[in-house]
Amino acid sequence: MRLATLQFEKEFILYDAGILWDAAATSQIVSTRPLSKAPKPSPEPAWFSADFWQARGAVVGQAPGRGTSLFVDASSIVSDQQWVLRKYHRGGLVAKVNASRYLWLGLERTRAFREFRLTALLKGKGLPVAQPVAAMVHHLGATYEAALITRRLEGAQALADLLPKADDALLVRVGKTIQRFHHAGLDHVDLNARNLLITPDEQVWMIDLDRCRLRSPGRWQQANLHRLVRSLRKFSPQDTARHWQALLQGYHQS
């Protein structure tokens with residue numbers, strides 16, 4: 001991946017130049033030129049707005065979760081691609097008074113840039129994460145808002161939706177995949193059955209790396225697993241023991 005940045009006044013965009021723009025020799029580009037002068041398509045702030053895609057009839061679906069992640073048809077920009085547009089939203093009681101703004105501590109410490117760079121790093125290591133396309137941060141004085149675009153995993157279903165009919169082989173694959181991420185040092189702070197996707201080729205993918213980080217081995221690995229078993233219990237309580245045993249079998253096989 002060749003990461004590049006663009007600035008549009010108070011908006012900053014980090015993106016994969018290999019997907020969106022056949023960049024020149026440098027791997028880090030900073031540009032303030034208007035979009036119309038760019039030699040090839042490059043991201044613009046409007047891409048991170050639901051209105052932009054809705055006006056073009058390009059919204060093809062949405063995913064459940066905090067705030068709504070939209071599935072959009074991006075074939076007018078990149079051939080044969082669908083993207084997932086996810087805006088960062090707060091949860092809990094604070095969301096009632098502040099739904100989407102975060103404290104500004106510098107561009108590289110924003111949630112969008114951190115998640116984008118982490119996802120790109122894991123992708124480069126060959127781990128099954130969604131292809132990151134672009135991240136945008138809108139700087140608003142002492143705060144910021146942000147959004148992330150990733151490539152949609154065609155035909156993917158959340159593990160949560162598959163659990164009622166899942167066999168042991170699927171849970172073994174899930175366990176092996178989690179172990180791969182743990183071996184790489186990924187502490188997924190919200191590891192649950194909705195953040196594990198299964199594609200038609202039976203590949204297991206991990207998504208939503210917001211606030212996640214790389215760490216040395218420690219108790220966090222067991223904490224990840226405990227969080228996941230609570231999620232299994234929520235979505236398929238009658239089969240939790242069987243699912244958990246199969247998952248741990250896969251986790252310890254790797």
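This text gives an overview of the structure that appears in the document. Worth saying up front: this structure is predicted, and the values here are computed from it rather than measured.

## Describing the environment of Leu107
Within the secondary structure, Leu107 is located in the loop between β7 (102-103) and α3 (111-124). Separated by 37 residues in the primary sequence, Leu107 and Tyr144 have C-alpha atoms spaced 9.4 Å apart. The residues touching Leu107, leaving out its near neighbours within four places in the chain, are Phe12, Phe113 and Val137.

## Points about the pairing of strand β1 (residues 3-8)
With five of six residues buried, β1 is to be regarded as a mostly interior element. The pairing of β1 with strand β2 (residues 11-16) spans six bridges and is classified as antiparallel. By the bridge assignment, Phe8 is partnered in β2 with Glu11. As consecutive antiparallel partners, β1 and β2 are separated by two residues, and within that stretch Glu9 has a phi angle of approximately 55°, a positive value.

## Quick look at the packing of aromatic side chains
Counting across every chain of the model gives five aromatic pairs. Seen from their ring centres, Trp53 and Trp83 are 6.1 Å apart, and the 80° between their planes marks the pair as edge-to-face. In this pair, Trp53 sits in helix α2 (residues 50-55) while Trp83 sits in strand β6 (residues 82-87), placing the two residues 30 residues apart along the sequence. Trp53 sits in the buried class, given a relative accessible area of 1%. The ring centre of Tyr88 lies 5.2 Å from the NZ or CZ of Arg86, which sits over that ring. Lying over the aromatic face of Phe71, Arg152 brings its terminal NZ or CZ to 3.9 Å of the ring centre.

## Regarding unusual backbone geometry
Glycine aside, a negative phi is what most residues show, and trans is what most peptide bonds show. Backbone geometry at Asp80 places phi at a positive 60°, although glycine is not the residue there. In this structure, Asp208 takes a positive phi of about 60° despite not being glycine. With respect to the helices and strands, Asp208 occurs in the loop between β13 (204-206) and β14 (213-214). Classification of Asp208 as partly exposed rests on a relative accessible area of 27%.

## Focus on the nonpolar core
Val174, Ile178, Leu196 and Leu247 are the most contacted members of the largest nonpolar core, which has 31 residues in total. If you list the elements that add at least two residues to this core, you get α3, α4 (159-162), α5 (168-184), β12 (196-198), β13, α6 (220-235) and α7 (240-253). Among the elements that make up this core, the one with the highest residue count is α5 (six residues).

The rules behind each value
Residues numbered from 1 in each chain as written. Predicted model: local features only at pLDDT ≥ 70, side-chain atom pairs only at ≥ 80, totals over all residues. Heavy atoms only, no water. Helix = DSSP H or I, 4+ residues; strand = E, 2+ residues; numbered from the N terminus. Contact = heavy atoms within 4.5 Å. Buried < 20%, exposed > 50% of the residue type's maximum accessible area, 1.4 Å probe, protein only. Pairing = 2+ DSSP bridges. Phe/Tyr/Trp six-rings, centres within 6.5 Å; stacked < 30°, edge-to-face > 60°. Lys NZ or Arg CZ within 6 Å of the ring centre and 35° of its normal. Core = buried A, V, L, I, M, F, W, Y, C linked by side-chain atoms within 4.5 Å.

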